[in-house]
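Descriptive analysis of the structure
What follows is each chain in one-letter form.
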Amino acid sequence: MATNHNTTIISALFDDDDVLLKGVKDVKAKGYNINEVYSPFPVHGLDHALGLKGTRIAIAAFMYGCLGLTTAISLTYGMMIVDWPMNIGGKPSFSWGENLPAFIPIMFELTVFFAAHLMVWTFFIRNDIYPGRKAQNPDPRTTDDKFLMEVELKGEKEELMSLLRDSGAIEISETHN
Amino acid sequence: MHYEAPIRTPLITGEKSYHDITVDVARPVESKAPRSWWIVFTLSLIAFLWGVGCILYTIGVGIGVWGLNNTVDWAWDITNFVWWVGIGHAGTLISAVLLLFRQKWRMSINRSAEAMTIFSVIQAALFPGIHMGRIWQAYYVFPIPNQFGSLWVNFNSPLLWDVFAISTYFSVSVVFWYVGLIPDFAMIRDRAVRPVTKHIYKILSFGWGGKAKHWQRFEEVSLVLAGLATPLVLSVHTIVSMDFATSVIPGWHTTIFPPYFVAGAIFSGFAMVQTLLIIVRKMFKMEDYITIEHIEMMNIVIMLTGSIVGVAYITELFIAWYSGVEYEQYAFLNRATGPYWWAYWSMMTCNVFSPQFMWFKKLRTSIMFTFFISIVVNIGMWFERFVIIVTSLHRDYLPSSWSMFSPTFVDIGIFIGTIGFFFVLFLLYARTFPVIAQAELKTILKSSGENFKKLHDKDGH
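Figured I'd write up the structure that's included with this text. (Residues numbered from 1 in each chain as written. Chains lettered and ligands numbered in written order. Predicted model: local features only at pLDDT ≥ 70, side-chain atom pairs only at ≥ 80, totals over all residues. Heavy atoms only, no water.)

Quick look at the interface of chain B and chain A
Taken together, the contact pairs 57 residues of chain B with 64 residues of chain A. Counting the surface lost from both chain B and chain A, the interface buries some 5600 Å², and carbon and sulfur atoms represent 68% of this. Of all residues in chain B, Phe155(B), Asn156(B) and Phe206(B) bury the most surface against chain A, accounting for 13% of the area lost on that side. Between Lys446(B) and Asp17(A) there is a salt bridge, with its nearest N and O atoms 2.7 Å apart. Our enumeration of links across chain B and chain A arrives at 27 residue pairs in polar contact (both at pLDDT 80 or more). Put simply, the parts of the chain that give the side of chain B that touches chain A at least two residues each are helix 1 (18-30), helix 5 (158-191), helix 6 (195-204), helix 7 (212-245) and helix 15 (438-442) of chain B. Per element, the largest residue contribution to the side of chain B that touches chain A is 17 residues, and it comes from helix 7 of chain B. Tallied by class, the residues present in the side of chain B that touches chain A amount to 31 nonpolar, 16 polar and 10 charged. (Contact = heavy atoms within 4.5 Å. Buried area = accessible area lost by both parts, 1.4 Å probe. Salt bridge = Lys/Arg side-chain N within 4 Å of Asp/Glu carboxyl O. Polar contact = N/O pair within 3.5 Å; in protein donor to acceptor, adjacent residues only side chain to side chain. Helix = DSSP H or I, 4+ residues; strand = E, 2+ residues; numbered from the N terminus. Nonpolar A, V, L, I, M, F, W, Y, C, P; charged D, E, K, R; others polar.)

Spelled out as structure tokens, the structure:
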């Protein structure tokens, strides 16, 4: 989520997922923009509360699977039929279609191989995570049992502060971008 | 929202909070290893080194140092291969199939079960490698261009399907496991005090921060990977069984093999998960997470799959008789009453008879008894593969070439070595990795934690 420069971010720390979820709904209802929420585990319903769009990674996986299937078809056709046909146990070496049953396992395995690996690579790239990256969470407690909400300040600061306090935040801090 | 029927027993016992789960999961990583860990580790390391010696001897001298002969040209190597691959299957079954079925009890055992999968597939992959004799030419199993022109692999061969199946299975299991590990590594990173530890876990955790969008993708990726791993795990042992089933050896050439092998794989894999988890829960005091409930559930799976295997054995006997093919009939008669009768009856006792004790609740909730049966089952499943392979081969169509197989010290050494290697890997894992998928487990604390369930009951839900 892009952050504008010259904005003030109010970070509110929560110690319970239900309180956080209610807090997110309250803050959203008042028209504030929530930049990010960091949590130690996937909080059920948080993506809806934040208004996040559904992820399309499964669609990507399907397309990667199609790529894998195409690769398997090309490999078997190119090697067994075109380049070097061999008579193996009398199996039809001249026609890919008639030799197809023997190629099903390879087609299946390569479909899964491509779909799984390329999807995970996509997951890493889209999340911008890689070995040795600096931790993305500003507060180390958010991988333990705390939840952090970053709200973009708009209007009166005190108003937002008290809203966050009322919804159960245990710590509130301010950062300038 | 966090509600589960009171009839379901809690999956997390004790008065736990989110922070308690963090502390309990990080403890084995942050504290010194218990004495029991060092004892088991040393024993495993010795076995492993002995195995390395035997493997080097095999590679240096040739596979003539094994007990194989002209008639029995596949024996312990392939038995061990199938045994180890089979053991691996339970890990994927727990993490993928139980995820699709939304079985919450998988959460505190899936991490270790999947570690077991990966480590046992490593052991399995060793055997075809060294059986090639010239392991430095192992790259010939891959469809890569080579100096002899376009001499390609044979895509009609089940042995090549195996190459693709095992490599896909291994690599997909690794990424599935690793994606789940990332948030847990991040938790250890954020708690680490020593700079070296912090740096190592910073590398391992990929900088994970638990952003809302990332968790959304994480859950989707886990679900799709589970959906891909489920048919994958079934395909792997199906293809392994086709190594035998597509041949024309009496006793191998049967269409029942794929489902029968898959059931046997799940059976032996769950037994191995029991063996490992009973050790882990004791060694690292994880009794609150790996409860009797978990052990009982796994025992029920063992009982069910053991019975499926039993039905398969009997079906095989019936079909051999019903087929009217005398070679097929003799192969099975020879298994039960021939010179290898003891292997056949060990298999029958361990695999068909012993899991039936699990019908009794008292026995399937007993830790000592479960541990004992888990070992018995794994012995039985090793014998199953031995029976299928050696007794089908040792008396072929030509009685003048009938022979027996006896393993040499190298055969035995390599097998013991892989057991050592497996435990070395698993014990190292248990000390450095979060052995419980804590991020996932925290999502069910409020619905399945003992204290939260009591609260619900008091509120009269």
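Some remarks on the pairing of strand 3 (residues 147-152) of chain A
Residues and elements named next belong to chain A. Burial runs high along strand 3: six of the six residues are buried. Going residue by residue along strand 3, you find Phe147, Met149 and Val151 tucked away on one face and Leu148, Glu150 and Glu152 tucked away on the opposite face as well. Summarising the sheet, strand 1 (residues 8-14) and strand 3 pair through six bridges and their orientation is antiparallel. The partner of alanine 12 across the bridge, within strand 3, is methionine 149. Pairing geometry for strand 2 (residues 33-38) and strand 3, over five bridges, is antiparallel. When the sheet's bridge partners are listed, isoleucine 34 is paired in strand 3 with valine 151. (Buried < 20%, exposed > 50% of the residue type's maximum accessible area, 1.4 Å probe, protein only. Pairing = 2+ DSSP bridges.)

Overview of the pattern of salt bridges
Pairs may arise between side chains of opposite charge once their charged atoms sit close together. The tally for this structure, following the rule as stated, stands at 21 salt bridges over all chains. With a shortest N-O distance of 2.9 Å, Arg191(B) and Glu30(B) are connected by a salt bridge. Placement of Arg191(B) in helix 5 and of Glu30(B) in helix 1 is noted, with a sequence separation of 161 residues between them. Exposure remark for Glu30(B): the relative accessible area of 42% places this residue in the partly exposed category. In this structure, a network of salt bridges that share partners links the residues Asp16(A), Asp17(A), Asp18(A) and Lys446(B).

Let's talk about the packing of helix 3 (residues 76-100) of chain B against helix 4 (residues 110-131) of chain B
Residues and elements named next belong to chain B. At a minimum axis distance of 7 Å, the contact between helix 3 and helix 4 shows a crossing angle of 155 degrees. Judged on the interaxial angle alone, helix 4 and helix 3 are roughly antiparallel. Regarding helix 3 and helix 4, the two cross each other, and that crossing is left-handed. Note on element contacts: helix 4 touches helix 3 through Asn110, Ala113, Glu114, Met116, Thr117, Ser120, Gln123, Ala124, Phe127, Pro128 and His131, opposite Asp77, Asn80, Phe81, Trp84, Val85, Ile87, Gly88, Ala90, Gly91, Thr92, Ile94 and Ser95. Considering only residue class, the contact of helix 3 with helix 4 consists of 11 nonpolar, 10 polar and two charged. (Axes fitted to C-alpha atoms, helices over the stretch in contact; angles between N-to-C directions. Parallel < 35°, antiparallel > 145°, perpendicular 65-115°, else oblique. Left-handed = near helix turned anticlockwise from the far one by under 90°.)

Description of the packing of aromatic side chains
Residues and elements named next belong to chain B. Scanning the model with the defined rule gives 60 aromatic pairs over all chains in all. Seen in terms of ring centroids, phenylalanine 318 and tyrosine 322 are 5.3 Å apart; in terms of plane orientation they differ by 15 degrees. Their pairing is stacked. With phenylalanine 318 and tyrosine 322 both in helix 9 (residues 292-323), this residue pair falls four residues apart, about one helical turn. Accessibility expressed as a relative area gives 42% for phenylalanine 318, which makes it partly exposed. Tyrosine 322 gets classed as exposed once you look at its relative accessible area, which sits at 59%. Seen from the ring of tryptophan 37, arginine 431 lies directly overhead, with NZ or CZ sitting 5.6 Å from the centre. (Phe/Tyr/Trp six-rings, centres within 6.5 Å; stacked < 30°, edge-to-face > 60°. Lys NZ or Arg CZ within 6 Å of the ring centre and 35° of its normal.)

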